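Residue strings, one per chain:
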Amino acid sequence: MKVAGFSFIRNAIQFDYPIIEAITSVLPLCDEFVIAVGDSDDDTLGLIEAISSDKIRIIRTTWDERARAGGRVLAQETDKALAAISPDVDWAFYIQGDEVLHEQYIPVVREAMQKYLTDKHVEGLLFKYLHFYGSYSYVGDSRRWYRREVRVIRNTGNVVSYKDAQGFRTLDNRKLHVKLIDAYIYHYGWVKPPETQKKRLRNANHFWHTSETIAKADASVEVFDYTQIDSLAHFTETHPAVMQPRVDRLNWPFTFDTSQKRYSPRVRFLTFVEKLTGWRIGEYKNYNL
């Protein structure tokens, strides 16, 4: 069995992306790792080149400014990295620049890859998610956070990144047939110093909005406040070992009263149903279980 990892990144230093942690967290599973490094305003290239591993292969890319609406450029960059993996790879592990795999799940992922290696009906593996918010001590526990996403795909040459690079589909726009595994991806995109978060969101607006709506989107970032969230829960377990130095460097205060549930009556009812039955009514699923 041969496994490749792949990802993309741009301006990792400027916007404080844990891309080093992301890559190194999945390297134990990979025979190679392809990273598409976009033209940056900082030394992101040097940051990636400094990773001590001969598994890593860097491709230099230029982001298409014309494909910014709806985050389409993110899918394009993902596809560039995916297209560059070796043709004899069986499974491809996609990890974004703010996602990390805890080392406790490496055996789980490897076992699933091996189990379904010859079962061609299984086109991908579906992971559960933990979304950290505000600091490394809180996770989102409301309906606003997606619960699952495909992060391992079979390398058939018939799979491409979908919309804003959140998931994958076949070239003819069919959802992948996947197996849910008991492994989590730790998402750290909402844990940054507040000022850095503002800069990141303002930059992201230019790859999500049209020229007509960018100014309005940027204005909304000026009032960004971590406390404006509907619900959080305390995180009481361990972080991935590769993330611990970053966790130890936490230097901004954030506390949240986890008893607060700022739900509308509709969301309160839907949340009650989900906790009672495990069924998230109206959940978007870009895959077939």
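Below or above, wherever it landed, is the structure these notes cover. (Residues numbered from 1 in each chain as written. Predicted model: local features only at pLDDT ≥ 70, side-chain atom pairs only at ≥ 80, totals over all residues. Heavy atoms only, no water.)

Some points on the pattern of salt bridges
- Scanning all chains against the criterion turns up 14 salt bridges.
- The salt bridge involving Glu65 is made with Arg10; its shortest N-O contact spans 3.9 Å. Pair noted here: Glu65 is in the loop between strand 3 (56-61) and helix 3 (72-83) and Arg10 is in the loop between strand 1 (3-9) and helix 1 (19-26), with a separation of 55 residues, a long-range link.
- Judged by its relative accessible area of 41%, Glu65 is partly exposed.
- The closest approach of N and O atoms between Glu283 and Arg147, which form a salt bridge, is 2.7 Å. Residue Glu283 is located in the segment after helix 8 (265-277), and its partner Arg147 is located in the loop between strand 7 (135-140) and strand 8 (148-154); the two are separated by 136 residues in the primary sequence.
- Judged by relative accessible area, Glu283 falls into the buried class, the value being 18%.
- Overlapping salt bridges, with partners in common, bring together Asp16, Glu21 and Arg246 in one network. (Salt bridge = Lys/Arg side-chain N within 4 Å of Asp/Glu carboxyl O. Helix = DSSP H or I, 4+ residues; strand = E, 2+ residues; numbered from the N terminus. Buried < 20%, exposed > 50% of the residue type's maximum accessible area, 1.4 Å probe, protein only.)

A few points about the pairing of strand 4 (residues 91-94)
- Of the two faces of strand 4, the one lined by Trp91 and Phe93 and the one lined by Ala92 and Tyr94 are each fully buried.
- Pairing of strand 1 with strand 4, which is carried by four bridges, proceeds in the parallel orientation. Following the sheet pairing, Gly5 is matched in strand 4 by Phe93.
- Bridging between strand 4 and strand 8 involves three bridges; their strand directions are antiparallel. Pairing of Phe93 across the sheet is with Val152, part of strand 8. (Pairing = 2+ DSSP bridges.)

What about unusual backbone geometry?
- Phi is positive for Asn11, which is not a glycine, with a value near 55 degrees.
- Tracing the chain through its elements places Asn11 in the loop between strand 1 and helix 1.
- Its identity is not glycine, yet Asn173 carries a phi of approximately 70 degrees, on the positive side.
- Mapped onto the secondary structure, Asn173 falls in the loop between strand 10 (167-170) and strand 11 (178-190).

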